[in-house]
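# Structural overview
Residue-level listing of the chains:
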Amino acid sequence: MREHLPILILAVPLAGSGLTLLVGFFSYRLSRWITYGALILTFLLVWNSFPKLLSEGPWHYSLGGWAPPWGIELLVTPFSAFLALVLLSLALITFYYLGHFGLIAGLLKSRESLGGSLLLVLVSSLLAQLFVRDGFTLYLFLEMSLVAAVGLHLCVARNIWLDGFYFLLGGSLGPSLLLAGFFFLYASTGTTHLDDILAQLFIAKNFSMAITAGILLTATWGWHFFFPSPIFFTRLLNQTPPFILGFFSSILVRVAAYLFFILLFFVLNVPGMSQPFWLTALEYLLAVFFFIDFIYAAKQKDFLNSVAYLSVAQLGFLFVGFILGNKSALTGVLMELLSQTLVVAGLFIAVGVLSLKPTGAHPISKLAGLGRHDFSAALVLVIFAFSIVGFPPTGGFFGKFYIVQGILEKHDWVLLIAVGATIVFNLVTAARFTWLLFEHRKASSFHASIPFSAKAPLLVLALTVLLLGVFNQEVVHNFIEPALPKAFTNLPVPNVPFLGKQVE
Amino acid sequence: MEMIIHHGMAILLCLVGFHGVFFYGNLAKKTVAWALFQIGLIVFLYSLASSGAPLPSVLAIEVASVTLVVTVLLGLFCVKLYRRHKTLEGAEIARRGSK
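Residues numbered from 1 in each chain as written. Chains lettered and ligands numbered in written order. Predicted model: local features only at pLDDT ≥ 70, side-chain atom pairs only at ≥ 80, totals over all residues.

## A look at the overall build of chain A
Here is the rule: Only runs of H or I of at least four residues qualify as helices and only runs of E of at least two qualify as strands under DSSP, and these elements are numbered from the N terminus. Atoms considered for the radius of gyration are the C-alpha atoms alone. The globule rule reads 2.2 Å times the number of residues to the power 0.38. Between the buried cut of 20 or more and the exposed cut of 12 or fewer other C-beta atoms within 10 Å of a residue's own C-beta lies the partly exposed class, and all C-beta atoms are placed from the backbone.
Each helix and strand in chain A was counted, giving 22 helices and two strands. The C-alpha atoms of chain A give 22 Å as radius of gyration, which agrees with the globular expectation for 504 residues (23 Å, within 12%). Principal axes of the C-alpha set define a box for chain A whose edges measure 75 × 60 × 45 Å. Expressed as a percentage of its 504 residues, the buried residues of chain A come to 55%.

Structure (structure tokens):
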């Protein structure tokens, strides 16, 4: 049984989904506990994979015993398993808030059961995206996650049909572009296995195909990376409960960023390939474009809109790491990815907890003096804000530290100026925000104290952001380093995977 | 260049579909445009299958199934929106919704 853990991790939430839906027709309470049970069991299964992962390294699992590149392979690395634990924890928190939200918003119990079922489908498809090493299977699970996400949206929000339509259409265009990219690669390599594609591209020295597919595979994530920017998703932001937005912005978007990392450095990173100047210039512009969102975030008067801009803006740091592509920068990218996942989810949940209403406006001015009324809630916000700045000892600090180290190693002064200016700007904004939280003013909106049960998940997230920073050495050594491209892992193996044809 | 000539029909369908998704205002037309994009990909796979490899045909069937499911879902959204607003113009529905 133990040797089939990778597939069990994907199968348990999927089976739980069907069971939750079925039981929901008879007992809402039992249906709710089945959802919790499926998520906790999956969490334990991932946890049980760590002894093998940490002692033997990445776990290669061939579905049905068919070896890659002919069969479909699941690859569980220490980092993807760690990210899976974060995903499952956030799914548990999201489902916990779904119950609370259901009471506040007067949601039908049947919708809660359906929501639990769809959440499990979403979790299963996202876990599959983390582990699967086949381009076509990746497409199927990406599409599946979007359909489940739209369904979840419809479960918790009213009059959201138009936004649901755009969500499904815009989201589905991404997987279509992914498919187009993989078909181009298949046409020239004859394989859809991710590692084998790299080997075949290297043999054929087909750099132009790698660049063409790379553009399509980059465009795939356009919709994900701009979610939930208020420029494109204004109506959706106003109508969706913040805890759902938090789950999507942290998990859906950050898993996409992880897949983008895999595609860039494990599929298209053909040794000897050089990029044209216009493409490099475009990458720099894209990173700066994301950083500009920090300015928009600081200018917002609505807390939810500000958090939405922050979610998008932070991706700029990941892009900087991708542009640099050296060991320090990629270590920083993965550290930053973990930190951002927790911070973004935490901030969206905070919006929901502090506003105490399902949807609508959430003015930042109402947070004035929160620290004097509810110190722990304000402290949580300060920890999240300073993790975004990159202040020690948060996880965000170490992510940015490694990225800046990567910049200095590569002597890229343009990126150094961009990242430096962003950090200074964010420091000033975070200081002003902290002042607002602790200033001498009566907090007009907090007559009733926030119950501990509503705050507890926030405290856990903030503590995890701090622990990520405190134990950064262990995280980097045990989880991040084995997930880097082979050239950076100090292993006595070649940089190119030897699958399919022999490399001379 | 050789690829563009060989797979011209598929690329044309994809381009038309991609353009339609962004520039049509009507939601039904957007749905059809997305389906066209997917059909382009299926045609591309079938042109690869002519070389004798079995995988493209299998992939084409799977892509067709996904396309059908998502198109039906988008169609259901359209039906729901049309019943409520008596129009499928995205901008018009958004304007009414924001009132």
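What follows picks up the thread again.
## Observations regarding helix 13 (residues 277-299) of chain A
Residues and elements named next belong to chain A. Our working rule: Under the convention used throughout, the expected extent of a helix is 1.5 Å for every residue step, that is, one less than its residue count. We call two residues in contact if the C-beta atoms placed from their backbones are at most 7 Å apart.
The end-to-end C-alpha separation of helix 13 is 34 Å, in line with the 33 Å expected for 23 residues at 1.5 Å each. The set of residues buried in helix 13 consists of Ala287, Phe290, Phe291, Asp293, Phe294 and Ala297. Where helix 13 is buried, its residues contact helix 14 (303-313), helix 15 (315-324) and helix 20 (413-438).

## A short note on the interface of chain A and chain B
When the parts of a complex come together, some accessible area is lost, and that lost area is often taken as the interface size. Note the cut-off: Classification convention: Asp, Glu, Lys, Arg as charged; Ala, Val, Leu, Ile, Met, Phe, Trp, Tyr, Cys, Pro as nonpolar; all other residues, Gly among them, as polar.
In this assembly, 19 residues from chain A lie in contact with 25 residues from chain B. Mapped by element, the contributors of at least two residues to the side of chain A that touches chain B are helix 6 (135-156) and helix 7 (161-189) of chain A. Among the elements that line the side of chain A that touches chain B, the one with the most residues is helix 7 of chain A, at 13 residues. Partitioning the side of chain A that touches chain B into residue classes produces 13 nonpolar, four polar and two charged.

## Things to note about the packing of helix 2 (residues 8-23) of chain B against helix 3 (residues 27-49) of chain B
All names here are of chain B. Heads up, the rule is: For helices, the fitted line uses only the C-alpha atoms of the stretch in contact; every axis is such a line through C-alpha atoms, and the angle between N-to-C directions lies from 0 to 180 degrees. By the definition adopted for this analysis, an angle is roughly parallel if under 35 degrees, roughly antiparallel if over 145, roughly perpendicular if from 65 to 115, and oblique otherwise. Rotating anticlockwise by less than a right angle from the far helix to the near helix defines a left-handed crossing, while the corresponding clockwise rotation defines a right-handed one.
Axis separation between helix 2 and helix 3 bottoms out at 7 Å; the angle between their running directions is 160°. When the axes of helix 2 and helix 3 are compared, the pair comes out roughly antiparallel. Pair helix 2 / helix 3 crosses with left-handed handedness. Mapping the contact onto sequence places Met9, Ala10, Leu13, Cys14, Val16, Gly17, Phe18, Gly20 and Val21 in helix 2 and Lys29, Lys30, Ala33, Trp34, Leu36, Phe37, Ile39, Gly40, Leu41, Val43, Phe44 and Ser47 in helix 3. Here the residues of the contact of helix 2 with helix 3 are counted per class, giving 15 nonpolar, four polar and two charged.

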